[in-house]
Amino acid sequence: MKTNTIQRAAYLLVMAAGLIAPGLHAQQPTGMQASFAGDVGTLSDKFSGLANVLDAKYDYRLGQGVRSTAEVLNLIVMENGLLAGVLTGAAPGARPAPVTDPVKMQDALKNSYANLKKAVEGLSDADLNAGVKMFGRDTTKRGAIQMALNDQHEHLGQLIAYSRVNSIVPPWSK
């Protein structure tokens, strides 16, 4: 009993010093939510890095009928908003206007990934098994996350190829 009182007092002192926010310890995701949130963070870093080094190649496309760099990045922003809405139950908003300015693209990517990460981290284990529709298909929230993140990894490979074809090294490979 005395140990718990000492631990609680130490926690309150650290919190009062501003080293941790109130309730932060209780809000950290665990399990699949933490794994998915980690993947969202990795994708955010990599897409933001590629958006930055490919800033002069937003019009580049590998061939006719293939998405340009800017179209791929805009697709990612749109998918993040769609998935966050599916996970939170928010009504779908208007499709965002395409972004072609590299600085605005960085902001759009950052915001879309922050919103998606927040939605993922807010899910309980039961939420992960809740039924939803994604791209007109019946699935669970877990399935929707997996579907969207798998798709984003494919698009990440696409932009890595775009960078390599243009003799641009992805930032994490330097």
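For the structure, check the block above.
None of these values were measured; they are calculated from a predicted model. (Residues numbered from 1 in each chain as written. Predicted model: local features only at pLDDT ≥ 70, side-chain atom pairs only at ≥ 80, totals over all residues. Heavy atoms only, no water.)

(A) Local environment of the overall build of the protein. Counting secondary structure elements, the protein contains seven helices and two strands. Reading the helices (α) and strands (β) of the protein from amino to carboxyl end gives α-α-α-α-α-α-β-β-α. For the protein, the proportion of its 174 residues judged to be buried stands at 34%. For the protein, the proportion of contacts with a sequence separation of at least 24, taken over those separated by at least 6, is 69%. (Helix = DSSP H or I, 4+ residues; strand = E, 2+ residues; numbered from the N terminus. Buried < 20%, exposed > 50% of the residue type's maximum accessible area, 1.4 Å probe, protein only. Contact = heavy atoms within 4.5 Å.)

(B) Representation of the nonpolar core. The biggest cluster of nonpolar side chains holds 39 residues, and the ones touching the most others in it are Phe47, Leu109 and Ile145. Of all the secondary structure elements, the ones that give two or more residues to this core are α3 (31-53), α4 (69-88), α5 (102-121), β1 (131-134) and α7 (141-165). If you tally residues by element for this core, the top one is α4, at nine residues. Each residue touching Ile145, except ones within four places of it in the same chain, is listed here: Phe36, Leu83, Leu87, Val120, Leu123 and Leu128. (Core = buried A, V, L, I, M, F, W, Y, C linked by side-chain atoms within 4.5 Å.)

(C) Structural detail: the layout of surface pockets. Its volume calculated, the largest pocket comes out at about 660 Å³. Lining the largest pocket we find 29 residues, and of these Val77, Met78, Gly81, Arg95 and Pro96 sit closest to its centre. Among the elements of the structure, α4 and α5 are those that each provide at least two residues to the lining of the largest pocket. Of the residues in the lining of the largest pocket, the class split is 16 nonpolar, ten polar and three charged. (1 Å grid on protein atoms, 1.4 Å probe; cavity = no way out; pocket = protein on both sides within 12 Å on 5 of 7 lines; lining within 4 Å. Points joined across faces, edges and corners; volume = space filled by probe spheres on them. Nonpolar A, V, L, I, M, F, W, Y, C, P; charged D, E, K, R; others polar.)

(D) Inspection of α5 at higher detail. Helix length check: α5 (20 residues) gives 28 Å between terminal C-alpha atoms against 28 Å at 1.5 Å per residue, within 8%. When α5 is considered as a whole, its buried residues turn out to be Met105, Ala108, Leu109, Ser112, Tyr113, Leu116, Ala119 and Val120. Buried residues of α5, viewed axially, fall in a sector of 120°; they line one side. More than 90 degrees from the buried face of α5, the exposed residues found are Val103, Lys104, Lys110 and Lys118. Summarising the contacts, the buried residues of α5 are in contact with α3, α4 and α7. (Expected span 1.5 Å × (residues − 1). Arc of directions from axis to C-beta.)

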